[in-house]
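Structural description and commentary
Single-letter residue listing:
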Amino acid sequence: MKKQLAELVHRALEQLKADGILPADAVVDVQIERGRGEGHGDFATNTAMRLAKPAGRPPRELAQALVEALPAHEHVERVEVAGPGFINFFISPDAAFAVVSEILDAAEHFGRGEPTGQRIMVEFVSANPTGPLHVGHGRGAAYGGTLCNLLTAAGHQVHREYYVNDAGRQMDILAASVLIRYLQLFDTDLRFPDNGYRGDYIHAIAGDLRARDGEAYRIDSAALAAGLPADASEGGDKEKHIDAVVRRARELLGEERYQAVHQAALDAILGDIRDDLAAFGVDYDEWFSERSLTDTGAVDHALGKLREAGHLYEAEGALWFRSSEFGDEKDRVVRRADGAITYFASDIAYHLNKLERGFDTCIDVWGADHHGYVPRVRAAIRAFDADDSRLEVRLVQFAILYQGGERLQMSTRSGEFVTLRELREEVGGDAARFFYVMRKPEQHLDFDLDLAKSESSDNPVYYIQYAHARICSVLRQMAEKGLTHDAEHGRANLSRLTESHEQDLLTSLAKYPELVESAAAAREPHQLAHYLRELANGFHTYYNAHTFLTDEPALRDARLNLILATRQVIRNGLDILGVSAPETM
RNA sequence: GCGCUCGUAGCUCAAUCGGAUAGAGCAUCGGCCUUCUAAGCCGACGGUUGCAGGUUCGAAUCCUGCCGGGCGCGCCA
């Protein structure tokens, strides 16, 4: 409808240009928006006001001229000029009714956009595989997963990817942590490093390792501990200590056995993360290994390209990328003085790889604490002479959990944190997903556990699901009362839907496809959450005001068509959010 | 200190590239169940959009400066 109206306005503009009222070179993008309040019509456009200056005429006068030049349209009942120069469109009732049949015909496809041909990759969560996902990752998972659903619904071709940080120091520390817990199974006196990973899951992995491979990794614990630099609690440095532990463990085990422990730890934790995300309704097309970037030479390839272009230089023994020439605040090291490749170098290679895979748009979903990292990645893309608008970084703020009015604190390293799994078990997957995406991603989120658990109208998830269940219930009641629903008869009698509640509901339903499109374009799933609440509200209000199962077949059939259409849209919307649409509460 | 980001009703948040009278929920107060699920509905109360300027037909939205919160400023990942 919006498109059709825009077309009408364009034709009127051409007419005005031909008449000499508008300068021939005047350009304006015609914006059609939904009328907000009473009396503002179904749609409105501000075109006249935007043209007032270039045309050198008062906006209202222009608006009037536009209205007169506007071609007739079967669905436009009347058009009027209002306020400072808005043009309001009033849609004919028949056009409004048509959406009901449209929804029932399209069913689960209603609201899905035409294929755009755009290939979009979304990389999200990508948490280090050093422990289970916690509630901080949950928001990225819910946001990313929902965004992917939304983009798919809008007609884009979406690729979901998880970047697995399976290389680097943190993974070595994880492997060492597992090894020491494993050795403690034989020698309870062995000391655990301050900076090791302390969670219970480390014990579990160590136990599994022993069950699978027996004593294969049993090394002399005295030799492991002897002569190491002091740990923090011994008056030393925890970083130096843990690095020494890793080095010693590697020597004593030998590379092959060390890699086996490393791999076992990675497999266990990554498997857990996969299961967790799958249970949360988040699925991936690809799990991209950081280690593979060095193995396949992708890092050398990327650094080679930068070197050829003259963007690398050596200083103080390290290799630097001249990122400050591309908008970063300072240059960055890509290869340390000790020869090791930095995390940033892998990331440069990863993003080059993404570009080379030919995605039109690459969306990175990151925790907001990484925002300082954006300019340097963008710098790398510019240095490759690529269009940096192909990279979009979406920052997600952390969620703060509240229970009983108290803020729950957490920290990963100490092992004291609420896992995503615990959250799901506590409040349920539906409530968790909905609460996570209820707010704008860049806004801090106060996650009220008590509210998410409550089965009351305070809880927006239940409120929406209840609307769906209530419609199902009406149909069950219908059967019990021995009534029937003739959908074709209902279609023929949609003009009986004259109540204001019905008109409002029709308007809400018609808005859905536009909403999917705009929420996808803005990368804002919360718009959909808000929309569904409003739609549910429109239904509940209607439910309380009128009886659907009346004795009059024509009216009953029409009303049932309307609420079935409502149920369909709620279902489609909840599906995008990854929330179930129950038939009973 | 520098940079990024956010400040909207008592609380949590909306407000479609700058649009018409800034909207919801919660909380508070008052109504509605012999009638399709009251997990619901209706009404009332509630605002100088942090402050001060600027840009224009028009600003919560854009610009500048303050104030306040969060985050980031490693040859860590």
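Residues numbered from 1 in each chain as written. Chains lettered and ligands numbered in written order. Predicted model: local features only at pLDDT ≥ 70, side-chain atom pairs only at ≥ 80, totals over all residues.

1. Regarding the overall build of chain A
- A count of helices and strands for chain A gives 21 helices and 15 strands.
- Its C-alpha atoms put chain A at 90 × 65 × 40 Å along the principal axes.
- Across chain A, the fraction of contacts at a sequence separation of at least 24, relative to all contacts at a separation of at least 6, is 74%. (Helix = DSSP H or I, 4+ residues; strand = E, 2+ residues; numbered from the N terminus. Contact = placed C-beta atoms within 7 Å.)

2. Here we look at the domain arrangement of chain A
- When the domains of chain A are assigned, the result is domain 1 (2-91), domain 2 (119-162 + 284-396), domain 3 (163-283 + 401-453) and domain 4 (460-577).
- Here the C-alpha centre of domain 3 lies 24 Å away from the C-alpha centre of domain 2.
- Listed per partner, the contact involves 36 residues of domain 2 and 39 residues of domain 3.
- For the side of domain 2 that touches domain 3, the secondary structure elements donating two or more residues are helix 5 (135-153), strand 6 (157-164), strand 7 (286-289), helix 10 (290-295), helix 12 (343-356) and strand 12 (391-396).
- Examining the composition of the side of domain 2 that touches domain 3, we find that 9 residues originate from one element, helix 5, more than from any other.
- Of the residues in the side of domain 2 that touches domain 3, the class split is 18 nonpolar, 11 polar and 7 charged. (Domains from an automatic or database assignment. Nonpolar A, V, L, I, M, F, W, Y, C, P; charged D, E, K, R; others polar.)

3. Considerations on the pairing of strand 5 (residues 119-123)
- Of all 5 residues making up strand 5, 4 are buried, and the element is well covered by its neighbours.
- Inspection of the sheet shows strand 5 paired to strand 6 by 5 bridges, in the parallel sense. Pairing of Arg-119 across the sheet is with Gln-157, part of strand 6.
- Following the chain from strand 5 across helix 5 to the adjacent parallel strand 6, one finds a crossover that is right-handed.
- Note: strand 5 against strand 11 (residues 361-367), 4 bridges, orientation parallel. The partner of Met-121 across the bridge, within strand 11, is Cys-362. (Buried ≥ 20, exposed ≤ 12 C-beta atoms within 10 Å, placed from the backbone. Pairing = 2+ DSSP bridges. Right-handed = clockwise from strand over helix to strand, strands pointing away.)

4. A few points about the nonpolar core
- Counting residues in hydrophobic clusters, the biggest one holds 163 residues, and the most contacted among them are Leu-150, Val-178, Leu-179 and Ala-265.
- Per element, the largest residue contribution to this core is 14 residues, and it comes from helix 9 (residues 238-279). (Core = buried A, V, L, I, M, F, W, Y, C linked by C-beta atoms within 7 Å.)

5. Overview of unusual backbone geometry
- Positioned with a positive phi, Ala-107 is a non-glycine residue whose angle comes to about 50 degrees.
- Following the sequence through the fold, Ala-107 ends up in the loop between helix 4 (93-106) and strand 5.
- Take Ala-107: there are 11 C-beta atoms within 10 Å of it, and that puts it in the exposed class.
- With phi around 65 degrees, Asp-385 is a residue other than glycine that occupies positive phi space.
- Within the element layout of this structure, Asp-385 appears in the loop between helix 13 (374-383) and strand 12.
- Owing to 9 C-beta atoms within 10 Å, Asp-385 belongs among the exposed residues under this scheme.

6. Side note on the confidence of the model for chain A
- For chain A, per-residue confidence averages 90 on the pLDDT scale, and residues scoring 70 or more make up 97% of the total.
- Across chain A, strand 6 holds the top mean pLDDT of 97, while strand 14 (residues 406-407) sits lowest at 74.
- Interface confidence for the predicted complex, expressed as ipTM, amounts to 0.94; the pTM equals 0.93. (pLDDT = per-residue confidence, 0-100.)

7. A short note on the environment of Arg-34
- Examined against the element boundaries, Arg-34 turns out to sit in strand 1 (residues 32-34).
- Placed 449 residues apart in sequence, Arg-34 and Leu-483 show a C-alpha to C-alpha distance of 38 Å.
- Once you skip the residues sitting within four places of it in the chain, Arg-34 turns out to touch Phe-43 and Lys-511.

8. Focus on the sheet that holds strand 15 (residues 445-448)
- Read from one edge of the open sheet, 3 strands run 14-13-15, paired in mixed fashion. At either margin of the open sheet sits one strand with a lone partner, and together these are strand 14 and strand 15.
- Pairing geometry for strand 13 (residues 399-403) and strand 15, over 4 bridges, is parallel. Across the sheet, the residue bridging to Ile-400 is Asp-446, located in strand 15.

9. Regarding the pairing of strand 12
- By the bridge criterion, 6 bridges tie strand 11 to strand 12 in an arrangement that is parallel. Following the sheet pairing, Gly-367 is matched in strand 12 by Val-396.
- Traced from strand 11 through helix 13 to strand 12, the parallel crossover comes out right-handed.

10. Section: the environment of Ala-521
- Here Ala-521 shows up in helix 19 (residues 500-521).
- Counting along the chain gives 118 residues from Ala-521 to Gln-403, while the straight-line C-alpha distance between them is 35 Å.

11. Remarks on the sheet that holds strand 4 (residues 86-91)
- Here 4 strands make up an open sheet; going across it, the order is 1-2-4-3 and the pairing antiparallel. Lying at the two open borders of the sheet, with one neighbouring strand each, are strand 1 and strand 3 (76-82). On average, each strand axis in the sheet is inclined to that of its neighbour by 25 degrees, with strand direction left out of account.
- Sheet topology note: the strand 1/strand 2 (residues 43-45) ladder contains 3 bridges and is antiparallel. Bridge pairing links Glu-33 to Ala-44 in strand 2. (Axes fitted to C-alpha atoms, helices over the stretch in contact; angles between N-to-C directions.)

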